[in-house]
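# Fold and geometry: a report
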Amino acid sequence: MRLAALTGRLGRFLLGCALGLAALAASAGAQGLDPALLAPLAGDETDAKLDAIDRLGRLPDPQAAEVLKALGDGQLLATPAGRVLIERDGGQVLDAATGQPQARPDDADSVMINNRLRRAISGALATSQLYSKEPAERLAAAQRLQQSSDASRLPLLGEALKRETDAQVRGALEIAQARLQLASDDPALRRAAAQALGETRNAAFRPMLAALVQTNADGSHAEPDAGVREAAEAALRAIDRHMATLEWAGNLFYGISLGSVLLLAALGLAITFGLMGVINMAHGELLMIGAYTAYMVQTVFRQYLPGWIDWYVVAALPVAFLVTALVGMALERTVIRWLYGRPLETLLATWGISLMLMQTVRTLFGAQNVEVSNPSWMSGGMTVMGGLVLSYNRIAIIVFAMLVVFFVWLLLNHTRLGLFVRAITQNRRMADCVGVPTGRIDMLAFGLGAGIAGLAGVALSQLGNVGPDLGRGYIVDSFMVVVLGGVGQLAGTVIAALGLGGVNKFLEPYAGAVMAKIIILILIVLFVQKRPQGLFAPRGRSVE
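It should be emphasised that the depicted structure is a prediction, and the values quoted were computed from it without experimental measurement.

## Considering the UniProt feature "transmembrane region" (unreviewed entry) in the protein chain
In the UniProt entry, the feature "transmembrane region" (unreviewed entry) is given for residues 252–279, 286–305, 311–331, 343–365, 385–412, 479–503 and 509–528. A helix fraction of 95% and a strand fraction of 0% characterise residues 311–331, whose end C-alpha atoms lie 31 Å from each other. End C-alpha atoms of residues 509–528 are separated by 26 Å, and the span's content is 95% helix alongside 0% strand.

## A short note on the pattern of salt bridges
Taken as a whole and assessed by the stated rule, the structure comprises 12 salt bridges. Between Asp-51 and Arg-55 there is a salt bridge whose closest N-O contact spans 3.7 Å. Here Asp-51 pairs with Arg-55, and both are found in helix H3 (residues 46–57), just 4 residues apart, close to one helical turn. Of the charged contacts, one joins Asp-240 and Arg-206 as a salt bridge, the two residues approaching to 2.8 Å between their closest N and O atoms. Of this pair, Asp-240 sits in helix H11 (residues 226–276) while Arg-206 sits in helix H10 (residues 206–212), placing them 34 residues apart in sequence. With a relative accessible area of 35%, Asp-240 lands in the partly exposed category.

## What about the packing of helix H7 (residues 154–163) against helix H8 (residues 167–181)?
It is the contact of H7 with H8, at a shortest axis distance of 10 Å, that shows an interaxial angle of 155°. As the angle between them shows, H7 and H8 are arranged roughly antiparallel. Where H7 crosses over H8, the handedness of that crossing is left-handed. The residues of H8 that touch H7, namely those facing Leu-154, Leu-157, Gly-158, Ala-160 and Leu-161, are Arg-170, Leu-173, Glu-174, Ala-176, Gln-177, Leu-180 and Gln-181. Residue classes in the contact of H7 with H8 are distributed as 7 nonpolar, 3 polar and 2 charged.

## Considerations on helix H14 (residues 343–365)
Taking 1.5 Å as the rise per residue, H14 with 23 residues should run 33 Å; its terminal C-alpha atoms sit 32 Å apart, in good agreement. For H14, the complete set of buried residues consists of Thr-346, Thr-350, Ile-353, Ser-354, Leu-357, Met-358 and Val-361. If you follow the buried residues of H14, they end up packed against helix H12 (283–304), helix H13 (312–334) and helix H19 (472–485). In the segment just after H14, Gly-366 is the residue with positive phi, at about 90°.

## Observations concerning the sheet that holds strand S1 (residues 76–78)
Pairing within the open sheet is antiparallel, and its 5 strands lie in the order S4-S3-S2-S1-S5. What marks the edges here is a single partner per strand, and that holds for strand S4 (101–102) and strand S5 (109–110). In this sheet, strand S3 (residues 93–95) lies alongside strand S2 (residues 84–87) in antiparallel orientation, the contact comprising 3 bridges. Bridged to Ile-86 within S3 is Leu-94. Against the sheet, helix H4 (residues 62–72) engages S1, S2 and S3, with an angle of about 75° to S2.

## A word on the domain arrangement of the protein chain
If you check the domain split of the protein chain, you get domain 1 (35–200) and domain 2 (244–530). Spacing between the C-alpha centres of domain 1 and domain 2 amounts to 54 Å.

## Considerations on the pairing of strand S7 (residues 388–391)
The pairing of strand S6 (residues 381–384) with S7 spans 4 bridges and is classified as antiparallel. Residue pairing in the sheet places Gly-381 in a bridge with Ser-391 of S7.

## Quick word on a nonpolar patch on the surface
A cluster of nonpolar side chains, namely Val-300, Tyr-304, Leu-305, Trp-308, Trp-311, Val-314 and Trp-377, defines an oily patch on the protein surface of about 780 Å² accessible area. For Tyr-304, a relative accessible area of 59% puts it in the exposed group.

Analysis parameters
One numbering rule holds for all chains: residues counted from 1, following each sequence as written. This being a predicted model, a pLDDT of at least 70 is required before a residue's local features are given, and a value of 80 or more before pairs of side-chain atoms are given or counted; all residues contribute to the totals for chains, interfaces and linings. Here the side-chain values reflect all heavy atoms present in the structure, with hydrogen atoms and water set aside. UniProt positions are given in the numbering used here, feature names are shortened, and annotations may be inferred rather than shown by experiment. Here a helix means four or more residues in a row that DSSP labels H or I, a strand means two or more in a row labelled E, and each is numbered from the N terminus. Any Lys or Arg side-chain nitrogen found within 4 Å of a carboxyl oxygen on Asp or Glu counts as a salt bridge. Working definition: with a 1.4 Å probe on protein chains only, accessible area under 20% of the residue-type maximum means buried, over 50% means exposed, and in between means partly exposed. Whenever a helix is involved, its axis is fitted only over the stretch in contact; in every case the axis is a line through C-alpha atoms, and angles between N-to-C directions fall within 0 to 180 degrees. Any angle that falls under 35 degrees is termed roughly parallel, while one over 145 is termed roughly antiparallel, one within 65 to 115 roughly perpendicular, and all others oblique. A clockwise turn of the near helix away from the far one marks a right-handed crossing, whereas an anticlockwise turn of less than a right angle marks a left-handed crossing. Should any heavy atoms of two residues lie within 4.5 Å, those residues are counted as being in contact. Each residue receives one of three labels: charged for Asp, Glu, Lys and Arg, nonpolar for Ala, Val, Leu, Ile, Met, Phe, Trp, Tyr, Cys and Pro, and polar for the others, Gly being one of them. Any helix carries an expected span of 1.5 Å times its number of residues minus one. Two strands pair under a simple rule: DSSP has to find at least two bridges between them. For each domain, the first and last residues come from an automatic or database assignment. A residue counts toward a patch only above 30% relative accessible area and without a salt bridge, and it is joined to like-charged neighbours within 9 Å or, for Val, Leu, Ile, Met, Phe, Trp and Tyr, to nonpolar neighbours within 5 Å. Note on areas: Shrake-Rupley, 1.4 Å probe, and residue coverage restricted to the protein chains presented here.

And the structure:
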């Protein structure tokens, strides 16, 4: 009997547990949004919809964010009976209150919204997505709220901070909270908010902090509390220091970028000018040919290899080098070889060749610029120091310029051709006497310089427009780099190019682009007057 009673009690206990679990499961399945809250969205009254949107935006429920997002994307359905549903891209239909899959009713139709409702949805989503399951969505919502001035969102931010576990999202929420606390009646909250905004180093908060330290027309302070004003002034100083650092770092990066472009443009000229003393005014047009070669390779890839279009730049580099090297060797064999020792005639002849090359390109491709797009891996940029954007195409060109310099150094110092080039540069007559084929080396050296110009043209095609006049803007700067660095000196060319690029970018904010170039030209003239040989003294024929 006792065993039977014990068994009966145990059975009733287990049955009670099962019923309790079933009740919990039923209640969990029934959880969701209140259908009465969603019903106004199925109606025609704009004010009722606005009220429903506002209330949904204040709910700490991820399902509320789903409803708002569906409403903004035109994926919210409603029936004449007031039932609200969400339609996914794949055709799946969910109940808006619970998120459970449902069959689509025949009388369901899309909920229409106007611009007023769209603005309300955007504002409500900024709060509602604080409770999203995805950290990226919560971070984006917190960053949008940093620009809000609605103090009624403070309780929601406090609730979100209690729930948040992601450190990055918590930091963004604290900034948004501090932004709204600036309007608080409590001086201690305003002071803490000013300190928090100053720690962000974000220039977007500078106007609101500056408003705290302003003086009214009657001489009174806009912010009555002295402690808050001191905190705001300290925050402004921190932001200004950070912005000055960003400006300096930005000028340094763009100066190195410009210097890399000048280095690529001047490197080939340094070889030809240093070896043969030829003032090649067509050097800029060799850059232009390299850029148009990149355009032609891009066209071929688009037509025949669309799946590999992101790698057309890699293919364009050897093609541009070969094309411009052949053009350069042809010029040396047909024109320049007859003008050695006559710099004025060489200058005039190469200037005429440059005009012919530009007109040839205009005839083949037209006078308008052509489109050379960046591949996807060179598009966009990376953000550093909280506000400085380093574009990928400029980073790639800086790295590419350093690689070209390295390979040129290897070629000049560790190959037979480089040995002959250095021998001719130092003493042409003696090199000729010991059997160095000076004529062939002249041709190959001129081809090498022209090929490097072609590589520079490919790099320039990734930074701006490609047109017949592309090279004209770089010929003077290239000669300045060569003269400043020392004729025929590789190290001097590198230092001069990077130095000129950096000085130019640091002068531009104060003097303007045109005046900066004028100042640099004057400084170079004064420097050459004191040191005609440049930064590094040339040797051999270039001294003559």
